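# Topology and contacts: notes
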Amino acid sequence: MNQRATRVLLWVLALATIVVGVDNLDRPLANPDEGRYSEISREMAESGDFVTPRLNGLKYFEKPPLQYWASALALTVLPRTEYTARLYVAVCGLATMLLVAFTAWRLGTPQTGLAAMIALVSSPYFMALGGIVTLDMGLTLWTTLTLCAYLLAEREAEGSRECRRWMLTAWAAMALAVLSKGLVGIVFPAAALAIACALRRDLRPLARLDWTYGLIVFFAIAAPWFILVSYANPEFPEFFFIHEHFQRFLTTTHRRTEPWWYFLPILAAGFLPWMFALPSAFAHGWNIPGRTRETQEMRFALGFGLFVVLFFSASGSKLPAYILPAFPPLAMVLGRYLAEAPTRKLAWQSAPVMLVAVALLAMAWRIPQTAREPWTRELYAHAQPLAIAAAAILLATSAIATAAFWRGRRWVALVATAIGMVLVVDCVEDAYEEMAPRQSGKAVAQKMAPLVKPGTRLYSVRHYDQTVPFYIARTLTLVDYVDEFEMGIKAQPRARLEKLGEFEAQWLQPGDALAIMQPDTYESLRVQGLPMQLLHQDPRRVLVRKP
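First, a word on what this report is: a plain description of the structure on this page.

Attention now moves to the overall build of the protein chain. Of the regular secondary structure elements, the protein chain holds 26 helices and eight strands. In terms of its C-alpha atoms, the protein chain occupies a principal-axis envelope of roughly 80 × 55 × 40 Å. When burial is assessed residue by residue, the protein chain has 55% of its 547 residues classed as buried. Relative to all contacts within the protein chain whose residues are 6 or more apart in sequence, the contacts with residues 24 or more apart total 74%. With an accessible surface of roughly 23,300 Å², the protein chain has 63% of that area assigned to carbon and sulfur atoms. Computed over 52 positive and 43 negative side-chain charges, the inter-centroid distance for the protein chain is 6 Å.

Below, the structure written as structure tokens:
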């Protein structure tokens, strides 16, 4: 394949990804992360306070502000829609794909660049998270840029202008990673560099870091916000650095405990069409015959990616999206293998995916029967055809790829897999959208919005739906609810009603009022005789109005 054809394929894949991605950016925001982070950005845009993040009007210091800033800016200049809320995440995902392709191209050939991008585009895990509002895709972009800039600097002559430019880019990207999700932005590249030095038995890479100018760039970008937020909020340093970093990693206080191997199946399924090729790809990246420089680069990328997985595997707090930063560097390693491995070997490694697809097809067929309640069963029934379509596309894609590899048509197999997996993700996200009544409070918010006037009192009773405030552009008074607001409530104790009795007394005061609660709370208050007009009820939430 010549360079022109490679370049055309790269842009076709990027365009297809954008088109399919845009189609999925308008689904209702889901609980909890999408509602939480979108609402923090909305409140920041509304208040104009870009120093102290707030959620539902309460101080919220769990994460740094880079994504809040970007989304708040978008919400300032664009309509308040799901598209706008997801814009930063989507741009970060696309930028990461192009960055991986560019770096793999520069470190190898146009073909290895294309193959690396295909490895990432055909990762259902990466592509799905590119349309979900979490902080992990932003972190992934900046950690990937840190890695790629360092690798490109290593290719330049020490002390040259190009080497310094790439190295300072790495320092700047590391600062932006810290502003995205905290100290892991330093930990990941530092660990990868330490691993590389240990493997090479050589400390000279440390001397190429341009420490003086690098540290100036890093602190000029990362330090100002930490200084300003600490000055404005003296409680910030202890909560952010101790509670949100060391306690989250070393303890189970966040109640997200999982076994040590939790991320291994996520890693395998994340590269679904290549899951059986991963061991060979890692072995190939560890030792590329006859190419010392390329081996060192692939070992660095491999060490970076695997350290991310091991780091979070050792943590006391685990969520599926945590290992997303591992996927771009591992995609570069996998792409190199897909571009260079014998096609017959790739055919044997692609064939078993058909069995996985058949198993997923059987699971999709039985989705409605797995629901415990009628409402969820009905939603599953609506999602079932799309889930079946996703499994069927995976089956067809793996069959086409296996046949093409067997006949020596490497690029037909790779491109067909990328396009097929983009369609699979599209079907899965459409199926998830069918679950919106269960996962999102948008329907409740739409009923609230016409009733909310400047003087309307709004309550969230023993319950907090993360998505509702974003849609109604108002905060709610929490009633007998703490959860993640513990720190904010300590700083602003008068911002909530501690006991249910206080709510009952306020509810009866003159003026219009709306309240959201769970069905059991509603039933308890109804039995007690509290006057309430029922506006909406489903198995997860109830909306009432003061008569």
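Still to come is the rest of the account.
Attention shifts here to helix 13 (residues 263-270). Since there are 3.6 residues in each turn of an α-helix, residues three or four apart along the chain are aligned in direction. Of all the positions in helix 13, only F263, I266, L267 and G270 are classed as buried. Relative to the axis of helix 13, the buried residues are bounded by an arc of 100 degrees and lie together on one face. Taken together, the buried residues of helix 13 touch helix 6 (124-129), helix 14 (278-286), helix 15 (292-313) and helix 16 (327-340).

Let's shift gears to the pattern of salt bridges. Note that side chains of opposite charge can pair when their charged atoms are close. Taken as a whole, this structure holds 22 salt bridges when the rule is applied. With its nearest N and O atoms 2.7 Å apart, the salt bridge here joins D210 to R164. With a gap of 46 residues between them, D210 in the loop between helix 10 (204-207) and helix 11 (211-232) and R164 in helix 8 (residues 161-181) connect regions that are remote in the sequence. A residue is classified by how much of its surface remains accessible, and D210, at 16% relative accessible area, is buried.

Moving on, we come to the pairing of strand 6 (residues 513-517). Counting buried positions along strand 6 yields five of five residues, so the element is predominantly enclosed. Both faces of strand 6 are covered, namely the face carrying A513, A515 and M517 and the face carrying L514 and I516. Here five bridges tie strand 3 (residues 457-461) to strand 6, and the two strands are oriented parallel to one another. For Y459, the partnering residue across the bridge sits in strand 6 and is A515. Where strand 6 lies against strand 8 (residues 542-545), four bridges are found, and the strand directions are antiparallel. When the bridges of strand 8 are listed, L514 appears paired with R545.

This brings us to the packing of helix 8 against helix 9 (residues 184-200). Here helix 8 crosses helix 9 at 135 degrees, and the two axes come no closer than 7 Å. By the angle between their axes, helix 8 is oblique relative to helix 9. The residues of helix 9 that touch helix 8, namely those facing M174, A177, V178 and K181, are V184, G185, I186 and P189. Among the residues making up the contact of helix 8 with helix 9, the classes are represented as six nonpolar, one polar and one charged.

What follows is about the packing of helix 4 (residues 82-107) against helix 7 (residues 136-154). Where helix 4 contacts helix 7, the axes come no closer than 9 Å and their chain directions differ by 20 degrees. The angle between helix 4 and helix 7 falls in the class roughly parallel. Read as a crossing pair, helix 4 and helix 7 show a hand that is left-handed. Mapping the contact onto sequence places Y88, V89, C92, G93, A95, T96, L99, V100, F102, T103, R106 and L107 in helix 4 and M137, G138, T140, L141, W142, T144, L145, C148, L151 and L152 in helix 7. Here the contact of helix 4 with helix 7 is composed, by residue class, of 15 nonpolar, six polar and one charged.

A word on the sheet that holds strand 6. Overall, mixed pairing links the six strands, which are arranged 5-4-3-6-8-7 in an open sheet. Each of the sheet's edge strands pairs with one partner strand only, and the pair in question is strand 5 (496-497) and strand 7 (533-537). As judged from the three bridges shared by strand 3 and strand 4 (residues 477-479), these two strands associate in the parallel manner. From the neighbouring strand, S460 faces strand 4, where its bridge partner is L478. Its contacts with the sheet place helix 25 (residues 500-507) against strand 3, strand 4, strand 5, strand 6 and strand 8, and it is angled at close to 155 degrees to strand 3. The sheet contacts of helix 26 (residues 519-527) involve strand 3, strand 6, strand 7 and strand 8, and relative to strand 6 the element is tilted by about 125 degrees.

Analysis parameters
- Per chain, residues are indexed from 1 in the order of the written sequence.
- Only residues with pLDDT of 70 or above have their local features reported here, since the model is predicted, and side-chain atom pairs are shown and tallied only from 80 upward, although totals for entire chains, interfaces and linings are computed over all residues.
- For side-chain calculations, the full set of non-hydrogen atoms in the structure is used, while hydrogens and water are omitted.
- Numbering of helices and strands runs from the N terminus; a helix is a DSSP stretch of H or I covering at least four residues, while a strand is a stretch of E covering at least two.
- Type-normalised accessible area, obtained with a 1.4 Å probe on protein chains alone, sets the label of each residue: buried when under 20%, exposed when over 50%, and partly exposed for intermediate values.
- Residue contacts follow a heavy-atom distance rule, with two residues in contact if any of their heavy atoms lie within 4.5 Å.
- Residue burial considers only the protein chains on display, and all accessible areas are found by Shrake-Rupley using a 1.4 Å probe.
- Neither His nor the chain termini are counted; the positive set is Lys and Arg, and the negative set is Asp and Glu.
- All charge positions are set by atom: Lys at NZ, Arg at CZ, Asp at CG, Glu at CD.
- For this quantity, the arc is that covered by the directions from the helix axis to the C-beta atoms.
- Criterion for a salt bridge: a side-chain nitrogen of Lys or Arg within 4 Å of a carboxyl oxygen of Asp or Glu.
- If DSSP finds at least two bridges between two strands, the strands pair.
- Only the stretch in contact is used when a helix axis is fitted, and all axes are lines through C-alpha atoms; the angle between N-to-C directions ranges over 0 to 180 degrees.
- Our angle categories are set so that under 35 degrees counts as roughly parallel, over 145 as roughly antiparallel, 65 to 115 as roughly perpendicular, and the remainder as oblique.
- Any residue that is not Ala, Val, Leu, Ile, Met, Phe, Trp, Tyr, Cys, Pro, Asp, Glu, Lys or Arg is counted as polar, Gly included; the first ten are nonpolar and the last four charged.
- Left-handed describes a crossing in which the near helix is turned anticlockwise from the far one by less than a right angle; the clockwise case is right-handed.

Structural measurements only, silent on function.
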